[in-house]
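Structural characterization, general
Read off the chains here:
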Amino acid sequence: MAAPMELSCWGGDWGLPSLHPESLTVMAYAKFSGAPLIVNTINNSWRATKGNLPVLVSEDIVISQPAKILNFLRKQKYNADYDLSAKQGADTLAYIALLEEKLLPALLHTFWIEAENYCSVTKPWFASKIAFPLSLYLPGKMSREALNRILLTKGGPPLYSLTEVEAQIYRDAKECLNLLSKRLGTSQFFFGDTPTTLDAFVFGFLAPIYKVCFPRVQLQEHLKQLPNLCRFCDDILTCYFRLTVSGHSPAGQDTADANLQKLTQLVNKESNLIEKMDDNLRKSPQHPPRKLTTLKLAAGGEESSPMSRLSP
Amino acid sequence: AAEPWPENAALYQQLKEEQILLSDNASSLAVQAFLQMCNLPIRVICRANAEYMSPSGKVPFIHVGNQVVSELGPIVQFVKAKGHSLSDGLDEVQKAEMKAYMELVNNMLLTAELYLQWCDDVTVEEITHPRYGSPYPWPLNRILSYQKQWEVRRKMKAIGWAGKTLEQVLEDVDQCCHALSQRLGTQPYFFNKHPTELDALVFGHLFTILTTQLITDELSEKVKNYSNLTAFCRRIEQQYFEGHEKDSSAVAARSSKRSLLR
């Protein structure tokens, strides 16, 4: 217990400590139970990107799956489920199984398989966190694994095409969200006033859906119609992660994005005009050719480096 | 109810004595229990090619009127559309709990059964391969077994169970049974007075585990550790299966092992 415990996991963005559901679950549980974890987010170094994150290292023990990591933390006496009755513990297992069966496929699909989301948000984000040349290979591998998992578990007959499978998994996910919302009701956490393992898992799965700005967001829109779940995520973020949610509410973030888009469009128009003028000038013989940089419209929601993109 | 339940409704599964495997028998028994609880009569018909006849590739499936429905989830919905339901009396939170527990059973117990049957080499060699292809001549029986094994192992790898050892799988089964036992407590059924599809599903799996002879007894020992679960199985068997020869699982002695597999 004296040895420090180090957690390697994916980092975060859009106001979240991590984008990866399993990493987020472990971090949330550590905060709930008061375990002192040193969190190392993966950032473009060669160490430890085997793709099987999160990984907990304590002295010489290496543990890799969230359920096992949570078990280890409980054995070290960091137990967030101390006050639960046996029946509530059983309920925890059942609801976690529900999350994995019904919500996880749609989550994986939104992140890794939906073409627009994958190409414009997920792949660039993950690739930017991994060292070259692994960044060319690892996001693709994670995407293929996600697709494999969905097809093997959900894709048998009578669903024969990917679109049918997609329709089914999104239906299941929306039903799962409804069930969670009914179970949460008006209470602060799932089992009263203190957060437990189940809260960690639900938070880990819901927060990425809630916060990450994708082009295709049907699951996020459904989630936003369940205000108690949104409040649940926001509460945990503000109380336990001390993140200011980037200072924006979701509506505020949308208007910020819309403004950003308008600005980039204006600047792009200007640069197009300048290019045209320049072409004309170039065609006339007396001026030497000049190079211009062209701007690319930043995909909506990539707040990470908006300003640097705009500098001409 | 849209139409009345026809007299000749039939449930199809694989051959009981020689071919059917642990996981399929559990699923089939769960559906039979559910239909008994709804008081809907059904005949059990055993066919070697039941898996291929099924619309989703999984057994059991029921043939009612001119419709064919397979697997417990869709069958429950089909029966509900006909006007019979066991879970109408539950409120929203209880329905959410019921669905969550059914997923738990599917996620842990069913996957553990599949792992034991198809990924544990000893069991595969001695029990699964001979049984699965038994109605077919050589070499078809070996080809079909290997094909199915490859399919199941792929699925296990995709969900992360391929790396588990048998001990870990048995520990997961123990955790699942512990959760079920805690939830059941001292009540007669999971939602107190009346059985629901969750009771049918749990009965199907636990009864099959308890009465199936495998290479070792470890799996059934895990379930036997929880006396309220064994009492639960006995109770449902007595209430719904005694006196019906169409399901021979009732005829077998209750607590002694019935040799379902060789």
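Residues numbered from 1 in each chain as written. Chains lettered and ligands numbered in written order. Predicted model: local features only at pLDDT ≥ 70, side-chain atom pairs only at ≥ 80, totals over all residues. Heavy atoms only, no water.

Overview of the pattern of salt bridges
Convention followed: Note on definitions: salt bridges are taken to be side-chain nitrogens of Lys or Arg within 4 Å of carboxyl oxygens of Asp or Glu. Numbering of helices and strands runs from the N terminus, with a helix taken as a DSSP run of H or I at least four residues long and a strand as a DSSP run of E at least two residues long. Categorising residues by exposure relies on relative accessible area from a 1.4 Å probe, with only protein chains included: less than 20% of the type maximum marks a residue as buried, more than 50% marks it as exposed, and the intermediate range marks it as partly exposed.
In this structure the tally under the stated criterion is 17 salt bridges over all chains. Salt-bridge contacts for Lys154(A) lead to Glu101(A); the nearest nitrogen and oxygen are separated by 3.8 Å. With Lys154(A) in helix α5 (residues 134-154) and Glu101(A) in helix α3 (residues 86-113), the pair connects residues that are 53 residues apart, well separated along the chain. Of the residues examined, Lys154(A) reaches a relative accessible area of 17% and is grouped as buried. With a shortest N-O distance of 4.0 Å, Glu221(B) and Lys224(B) are connected by a salt bridge. Here Glu221(B) pairs with Lys224(B), and both are found in helix α9 (residues 218-224), just three residues apart, close to one helical turn. Look at Lys224(B) and you get partly exposed, because its relative accessible area is 37%. Overlapping salt bridges bring together Lys87(A), Asp91(A), Glu97(B) and Arg183(B) as one network.

What about the interface of chain A and chain B?
Formally: Contacts were defined at the residue level, with two residues in contact if any of their heavy atoms lie within 4.5 Å. By buried area we mean the combined loss of accessible area, with a 1.4 Å probe, across both parts when two parts are placed together. As used in this structure description, the phrase polar contact means that two N or O atoms lie within 3.5 Å; if the pair is within protein, one of them must be able to donate a hydrogen and the other to accept it, and residues adjacent in sequence are counted only when both atoms belong to side chains. Each residue is assigned to one of three groups, with Ala, Val, Leu, Ile, Met, Phe, Trp, Tyr, Cys and Pro labelled nonpolar, Asp, Glu, Lys and Arg labelled charged, and all others, Gly among them, labelled polar.
Listed by partner, the interface residues are 24 residues for chain A and 22 residues for chain B. For the pair chain A and chain B, the summed buried area comes to about 2,200 Å², and 64% of that belongs to carbon and sulfur atoms. Across the contact surface, chain A and chain B share four salt bridges. Ionic pairing is found between Lys102(A) and Glu103(B), a salt bridge with its closest N-O pair at 3.6 Å. At the surface where chain A touches chain B, the tally comes to four residue pairs in polar contact (both at pLDDT 80 or more). Secondary structure elements with two or more residues in the side of chain A that touches chain B: α3, α5 and α6 (162-184) of chain A. When residues of the side of chain A that touches chain B are assigned to their parent elements, the largest contribution, twelve residues, is made by α3(A). Grouping the amino acids of the side of chain A that touches chain B by side-chain chemistry returns eleven nonpolar, three polar and ten charged.

Observations concerning the environment of Pro66(A)
Residues and elements named next belong to chain A. Mapping Pro66 onto the fold places it in helix α2 (residues 66-75). For the pair Pro66 and Thr110, spaced 44 residues apart in sequence, the C-alpha separation works out to 21 Å. Apart from the residues within four sequence positions on either side, Pro66 is in contact with Glu22 and Val26.

Quick notes on the sheet that holds strand β2 (residues 43-46) of chain B
Within a sheet, neighbouring strands are paired by backbone hydrogen bonds and run either parallel or antiparallel to one another. Residue and element names in this part refer to chain B. The criterion, for reference: Strands qualify as paired when DSSP identifies two bridges or more between them. Fitting a line to C-alpha atoms yields each axis, with helices limited to the stretch in contact; the angle taken between N-to-C directions then spans 0 to 180 degrees.
In space, the four strands of this open sheet follow the order β2-β1-β3-β4, with mixed pairing throughout. Strand pairing shows two members of the sheet lacking a second neighbour, β2 and β4 (67-70), which therefore form its edges. On average, each strand axis in the sheet is tilted by 25° relative to the strand beside it, whichever way the strands run. Judged from the four bridges that link them, strand β1 (residues 10-13) and β2 form a sheet pairing that is parallel. Pairing of Gln13 across the sheet is with Cys46, part of β2. Each of β1, β2 and β3 (61-64) is contacted by helix α1 (residues 22-37), which is oriented at about 170° to β1, the strand it contacts most. Packed onto the sheet, helix α3 (residues 72-81) meets β3 and β4 and runs at close to 135° relative to β4.

A look at helix α9 (residues 227-240) of chain A
All names here are of chain A. Applicable threshold: Expected helix span is computed as 1.5 Å times (number of residues minus one).
Compared with an ideal rise of 1.5 Å per residue, which puts 14 residues at 20 Å, α9 spans 20 Å between its outermost C-alpha atoms and is within 8% of the ideal. Looking at the buried residues of α9, the elements they touch are α1 (21-33), α6, α7 (197-211) and α8 (218-224). After α9 finishes, the residue Arg242 shows a positive phi value of roughly 50°.

Quick notes on the nonpolar core
The test is simple: Buried residues of nine kinds, namely Ala, Val, Leu, Ile, Met, Phe, Trp, Tyr and Cys, make up a nonpolar core once their side-chain atoms join them within 4.5 Å.
Within the largest apolar cluster, 169 residues are counted, with the highest numbers of intra-cluster contacts made by Phe203(A) and Ile62(B). Take this core: its biggest share by element is 16 residues, from α3(A). Ala10(B), Ile45(B), Val59(B) and Phe61(B) belong to the second largest nonpolar core, which has six residues in total.

Here's the deal with the pairing of strand β3 (residues 55-58) of chain A
Residue and element names in this part refer to chain A. Bridge count for strand β1 (residues 5-9) against β3 is four bridges, and the pairing is antiparallel. Looking at β3, one finds that Glu6 is bridged to Val57. Alignment of β3 against strand β4 (residues 61-63), held across three bridges, turns out to be antiparallel. Bridging from a neighbouring strand, Leu56 pairs with Ile63 of β4. Linkage of β3 to β4, two consecutive antiparallel strands, is achieved through a turn of two residues, within which Glu59 is found at a positive phi near 50°.

Side note on the packing of aromatic side chains
Condition: Any pair of Phe, Tyr and Trp rings, taking the six-membered ring for Trp, is counted once the centres come within 6.5 Å. Such a pair is stacked with planes under 30 degrees apart, edge-to-face with planes over 60 apart, and tilted for the rest. Think of it as a cone above the ring: NZ of Lys or CZ of Arg counts as a charge over the ring if it is within 6 Å of the ring centre and within 35 degrees of the ring normal.
Enumeration according to the criterion identifies 13 aromatic pairs over all chains in this entry. Seen in terms of ring centroids, Phe190(A) and Phe232(A) are 5.5 Å apart; in terms of plane orientation they differ by 80°. Their pairing is edge-to-face. Here Phe190(A), found in the loop between α6 and α7, pairs with Phe232(A), found in helix α9; they are 42 residues apart in sequence, far enough to count as distant. An aromatic cluster is present here, built from Trp10(A), Trp112(A), Tyr118(A), Trp125(A) and Phe126(A) joined pairwise through their rings. Its guanidinium or amino end placed over the ring of Trp161(B), Lys164(B) lies 4.0 Å from that ring's centre, counting from NZ or CZ.

Brief notes about the pairing of β1(B)
Each regular strand displays side chains that alternate between the two surfaces of the sheet. All names here are of chain B. Basically, it comes down to this: Every crossover in which the path from the first strand over the helix to the second runs clockwise, viewed with the strands pointing away from the viewer, is termed right-handed.
Alternating positions in β1 separate into two faces, Ala10 and Tyr12 on one and Leu11 and Gln13 on the other, with burial throughout. Crossover handedness for the path β1 to α1 to β2: right-handed. Relative to β3, β1 runs antiparallel, the two sharing three bridges. Residue Tyr12 lies in a different strand from β3, and its bridge partner there is Phe61.

Quick look at the UniProt feature "domain: Metaxin glutathione S-transferase" (unreviewed entry) in chain A
The following threshold applies: UniProt positions are given in the numbering used here, feature names are shortened, and annotations may be inferred rather than shown by experiment.
Within the UniProt annotation, "domain: Metaxin glutathione S-transferase" (unreviewed entry) is assigned to residues 173-236 of chain A. Secondary structure within residues 173-236 of chain A divides into 69% helix and 0% strand; the distance between the first and last C-alpha atoms comes to 22 Å.

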